[in-house]
Amino acid sequence: MKLQTLRSALKTARSRITMLPTQRPDVVERKRGSAGVRDRERIRARDCGLCQECKRQGRTTLGHPVDHIVPLWNGGSDDDSNKETLCVPCHDAKTAREARQRARG
Ligand SMILES: [Zn+2]
């Protein structure tokens, strides 16, 4: 009887451990490897390889990085609609802006 109780207690403890979240469930994991490469190529083709931020400001700049418009850590999705091509300066500026935002919480 006693052993049985101990076993069930152990079982409960174990299932508690496996239930512990290893990461925030609302944060989408960034795609890695070939799937991510294909995604980025598709976005670049859609955006004609041009920086969308520059385009909004009336400039035509060849873009390279594909960026999440709403960052994944901020609840953004990994869908094409949340991605756009940016040039390096725009991407750097956005990343810096987001880093400040993230630091503030
Ligand atoms: Zn740009």
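Heads up: the structure comes first, above all this text.
Scope of this entry: the structure provided in the associated data block. (Residues numbered from 1 in each chain as written. Predicted model: local features only at pLDDT ≥ 70, side-chain atom pairs only at ≥ 80, totals over all residues. Heavy atoms only, no water.)

Looking only at helices and strands, one finds 4 helices and 2 strands in the protein. What you see in the protein, going N to C, is helices and strands ordered as α-α-α-β-β-α. Of all 105 residues assigned to the protein, the portion counted as buried reaches 25%. Summarising the internal contacts of the protein: among those between residues at least 6 apart in sequence, 54% fall at separations of at least 24. Only carbon and sulfur atoms are counted for the fraction: they give 57% of the accessible area of the protein, which is about 8000 Å². (Helix = DSSP H or I, 4+ residues; strand = E, 2+ residues; numbered from the N terminus. Buried < 20%, exposed > 50% of the residue type's maximum accessible area, 1.4 Å probe, protein only. Contact = heavy atoms within 4.5 Å. Areas by Shrake-Rupley, 256 points an atom, 1.4 Å probe, with all protein chains shown as cover.)

Let's shift gears to the environment of Leu-86. Within the fold, Leu-86 resides in the loop between β2 (83-85) and α4 (88-104). In this structure the C-alpha to C-alpha distance between Leu-86 and Val-66, which are 20 residues apart in sequence, comes to 6.1 Å. Not counting residues up to four positions away in its chain, the partners in contact with Leu-86 are Cys-51, Glu-53, Gly-63, His-64, Pro-65, Asp-67, His-91 and Lys-94.

It is worth spelling out the environment of Val-70 at this point. Looking at where Val-70 falls in the secondary structure, it is placed in the loop between β1 (66-68) and β2. Separated by 28 residues in the primary sequence, Val-70 and Glu-98 place their C-alpha atoms 9.5 Å from one another. Ignoring any residue separated from it by four or fewer positions in sequence, one finds Val-70 in contact with Gly-75, Gly-76 and Asn-82.

Protein ligation of the zinc ion involves Cys-51 (SG), Cys-54 (SG), Cys-87 (SG) and Cys-90 (SG), the donor distances falling in the range 2.2 to 2.3 Å. One way to put it: the 4 donor atoms around the zinc ion meet at angles of 104 to 117°, and that makes the site tetrahedral. Sequence positions of the residues that donate to the zinc ion give the spacing C-x2-C-x32-C-x2-C. Of this pair, Cys-54 sits in helix α3 (residues 52-56) while Cys-87 sits in the loop between β2 and α4; the two residues are 33 residues apart in sequence, bridging distant segments of the chain. (Donors = N, O, S within 2.8 Å, 3.2 Å for Na, K, Ca; no water. Tetrahedral: all angles 85-135°; square planar, octahedral: opposite > 155°, others 65-115°.)

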